[in-house]
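Reading the structure
One-letter residues, chain by chain:
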Amino acid sequence: MKVILSTSSKGGVGKSEVAKLTSYQLNRDGYDVAMMDADIDSSNLSSRMGIDERVEHTEGDKIEPVEKDGINVYSMESAFDDSSFSQSGEFMRLVIRNMINGTNWDDPDYLVVDTPPGTKDIFDELIDVLRDDILGAIVVGQSDTVGDVGRMSKVCNHNYVPIVGYIENMSGIWAEGELVKTPKSGNVVAPFGRGRVEQFADNVDGRYLGPIPLCDNTDDIEEAAKNTIKAIAIAVGDAEQAPIPDLNKGDKGF
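So, a few notes on the structure that sits alongside this text.

Each value, and the rule that gives it
- Residues numbered from 1 in each chain as written.
- Predicted model: local features only at pLDDT ≥ 70, side-chain atom pairs only at ≥ 80, totals over all residues.
- Heavy atoms only, no water.
- Axes fitted to C-alpha atoms, helices over the stretch in contact; angles between N-to-C directions.
- Helix = DSSP H or I, 4+ residues; strand = E, 2+ residues; numbered from the N terminus.
- Parallel < 35°, antiparallel > 145°, perpendicular 65-115°, else oblique.
- Left-handed = near helix turned anticlockwise from the far one by under 90°.
- Contact = heavy atoms within 4.5 Å.
- Buried < 20%, exposed > 50% of the residue type's maximum accessible area, 1.4 Å probe, protein only.
- Pairing = 2+ DSSP bridges.
- Nonpolar A, V, L, I, M, F, W, Y, C, P; charged D, E, K, R; others polar.
- Phe/Tyr/Trp six-rings, centres within 6.5 Å; stacked < 30°, edge-to-face > 60°.

1. Observations regarding the packing of helix H1 (residues 15-28) against helix H8 (residues 226-238)
Here H1 crosses H8 at 70°, and the two axes come no closer than 9 Å. Judged on the interaxial angle alone, H8 and H1 are roughly perpendicular. In this structure, H1 meets H8 at a crossing whose hand is right-handed. Each of Val18, Leu21, Thr22, Gln25, Leu26 and Arg28 in H1 lies in contact with H8, whose residues at this interface are Ile229, Ile232, Ala233 and Val236.

What follows is the structure, encoded as structure tokens:
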């Protein structure tokens, strides 16, 4: 099993959507894929994927994820009536460990993890538990908050998590089958800016995977971002797990 993290140091930038798009594309490419919603206190992956069923317990007290379109999915949203709750960092760490080790993932080719916003506690626990299987992270950001992309990159580097690539979300507006442009100059209308994540990726010798525009209809996202989605799958296929040095020797990351 190879683990892919959909990450950002802030919320509301589209990590869940990128995790979903990545999973569906890998599944279309013939891989067995599972998804885990690690955003414990604000889980929404099940509703985003149109899942109404609940997870079940096996006789061996394992969690059986919900199957949707050939993908096994486990989100707190499918385990509780109300999945919006806040607890201590230690409690969250315990939940994450139980989700990973106590779930019948059925040994997929890829486990795509929708991580919570931020860079501590849950993220650290994910890295600790999944260390041997982590392939890398997809860093999602917006052009007007590119500083958050830099912070997430540093956290990944410090924790020996390779970055598969960068995505600029909310990059322009997609409506009626095309990007919206200004009538006079013909420039792409971009309320949140456009191009700075690509520039950042170039500056750090990273791999820019492409933009995803805002869509007036969520059903249009796959069409609006089809090239980016294909680029994600190609980058995942090209990625290799990084050798991890002896962490007791005081190494400071990549």
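2. Digging into the pairing of strand E1 (residues 2-7)
For E1, the buried fraction is high: five of the six residues fall into the buried class. Direction of pairing for E1 relative to strand E7 (residues 110-114): parallel, over a ladder of five bridges. Counterpart to Ser6 in the pairing with E7 is Asp114. Sheet topology note: the E1/strand E8 (residues 134-141) ladder contains five bridges and is parallel.

3. Focus on the packing of helix H5 (residues 146-158) against helix H6 (residues 196-203)
One can describe the packing of H5 onto H6 by two numbers: an axis separation of 9 Å at closest approach and a directional angle of 35°. In terms of crossing hand, the pair formed by H5 and H6 is right-handed. Facing Val146, Val149, Gly150 and Ser153 of H5, the residues of H6 in contact are Arg196, Val197 and Phe200. Its residues placed into classes, the contact of H5 with H6 shows four nonpolar, two polar and one charged.

4. Section: the packing of aromatic side chains
The final tally for this structure, using the stated rule, is two aromatic pairs. Look at Tyr31 and Tyr110: their rings are 5.2 Å apart centre to centre, the planes differ by 80°, and that puts the pair in the edge-to-face class. Taken as a pair, Tyr31 in the loop between H1 and strand E2 (33-37) and Tyr110 in strand E7 lie far apart in primary sequence, 79 residues in all. On the basis of relative accessibility, which here comes to 35%, the residue Tyr31 falls in the partly exposed class. Measuring from ring centre to ring centre gives 5.5 Å for Tyr166 and Phe200, while their planes differ by 75°; the resulting arrangement is edge-to-face. Of this pair, Tyr166 sits in strand E9 (residues 163-175) while Phe200 sits in helix H6, and the two are 34 residues apart along the sequence. We note that Tyr166, like Phe200, is buried.

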